[in-house]
Amino acid sequence: MAEPTGRSSTGHSGTGHSGGGHSGGSGHSGGYQGRSEGGARPPRPAGGPGGPGGRKFFRRKKVCKFCVEKIDGVNYKDVRLLQQFVAESGKITPRRLTGVCTRHQRRVSAAIKQARNIALLPFSNR
Amino acid sequence: MERIYEVMFIVRPDMPEEELDKLLVALESQVTGAGGVVKAKEKMGKRRLAYSLGRFQDGFYVLLTIEGGGPLVHEIERRLRVTEPVLKFITVRMDEEHKRLDKMKKLRDAKKRTVVASPVTAEAVPAPVAAEAAPSEPAPATT
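Every chain begins its residue count from 1, and numbering advances along the sequence as written. Chains and ligands are labelled sequentially in the order written, the chains with letters from A and the ligands with numbers from 1. pLDDT decides what is reported in this predicted model: residues at 70 or higher carry local features, side-chain atom pairs at 80 or more are listed and counted, and totals for whole chains, interfaces and linings draw on all residues regardless.

## Observations regarding the interface of chain B and chain A
For the purpose of contact definition, each residue receives a C-beta atom placed from its backbone, and two residues are in contact when these atoms lie within 7 Å. Of the residues lining the interface, 13 residues belong to chain B; the matching set on chain A comes to 11 residues. Counting residues per element, the side of chain B that touches chain A draws most heavily on strand 2 (residues 37-53) of chain B, which supplies 4 residues. Each residue receives one of three labels: charged for Asp, Glu, Lys and Arg, nonpolar for Ala, Val, Leu, Ile, Met, Phe, Trp, Tyr, Cys and Pro, and polar for the others, Gly being one of them. When the residues that make up the side of chain B that touches chain A are grouped by side-chain class, the tally is 10 nonpolar, 1 polar and 2 charged. A run of H or I in DSSP becomes a helix once it reaches four residues, and a run of E becomes a strand once it reaches two; helices and strands are each numbered from the N terminus.

Here's what the structure looks like:
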């Protein structure tokens with residue numbers, strides 16, 4: 001919670017627009033919800049061709065990096081790649097934030113766990 | 001067809017190079033003695049560990065690709081466990097993954113052909129594709 005990065009700050013403006021409609025029912029998730037929602041608003045390639053802000057319930061469609069770039073194998077040795085899918089805290093980033101499809105998320109998370117085991121990725125960064 | 005495993009392990013960073021080589025030779029002879037094949041061994045070099053292991057912040061990573069059965073892996077792991085300078089190891093089975101990747105690649109190539117060429121010629125093409133893919137596959141694996 002102690003890392004309100006650029007992501008979440010941009011997210012706040014997004015929440016002002018449309019967050020009310022979407023997060024209404026999901027208040028039970030607690031404090032984490034606020035942050036994750038901030039991440040959900042702007043798509044992962046931050047600063048890229050972002051969506052035009054005008055429309056109210058507009059959300060840019062997120063695409064699976066692996067499907068787009070046609071990366072079939074997700075290997076535990078590829079730390080650079082896997083690092084994109086762990087949060088700064090070392091947690092695996094949920095699909096709803098990264099836009100990775102189910103199939104690839106499964107492989108990514110398996111690979112991350114293997115990498116953790118051999119000390120290529122951290123279990124947690126305090 | 002025997003299975004292919006990747007054994008990655010970390011040895012302590014202050015281990016002298018020649019001792020590491022000795023360890024590798026010993027492991028290799030173990031593998032070949034048990035009827036396996038060492039397909040590749042790679043010293044990936046010193047790397048910062050993501051978390052400290054005991055009192056070590058760095059580790060020397062080694063990757064061993066072997067072909068063999070389950071008992072062989074069992075023996076190698078036992079060996080690594082009793083080898084004191086080895087801090088951590090992981091064994092990952094790769095053959096199924098390779099198979100899956102090959103299949104995906106073939107599928108993708110076939111799809112590409114059908115887009116480029118007309119459907120009639122595409123019928124004939126996949127066979128040569130498979131033929132040229134097969135010899136090219138083992139070549140990188142053996143090196």
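## Considerations on the environment of Arg93 of chain B
Residue and element names in this part refer to chain B. Here Arg93 shows up in strand 4 (residues 86-93). Neighbour density around each residue's C-beta defines its exposure: 20 or more other C-beta atoms within 10 Å make it buried, 12 or fewer make it exposed, and counts between make it partly exposed, where C-beta atoms are placed from the backbone. Owing to 13 C-beta atoms within 10 Å, Arg93 belongs among the partly exposed residues under this scheme. In this structure, the C-alpha to C-alpha distance between Arg93 and Glu6, residues 87 residues apart in sequence, is 6.3 Å.

## Section: the sheet that holds strand 4 of chain B
Residue and element names in this part refer to chain B. Each pair of strands is called paired provided DSSP finds at least two bridges between the two strands. One open sheet holds the 4 strands; their spatial order is 2-3-1-4, and the pairing between them is antiparallel. In this open sheet, the two edge strands, each paired with only one partner strand, are strand 2 and strand 4. Shown here is a sheet whose adjacent strand axes are inclined to one another by a mean of 20°, direction ignored. Only the contacting stretch of a helix is used when fitting its axis, a line to C-alpha atoms as for every element, and angles between N-to-C directions run 0 to 180 degrees.

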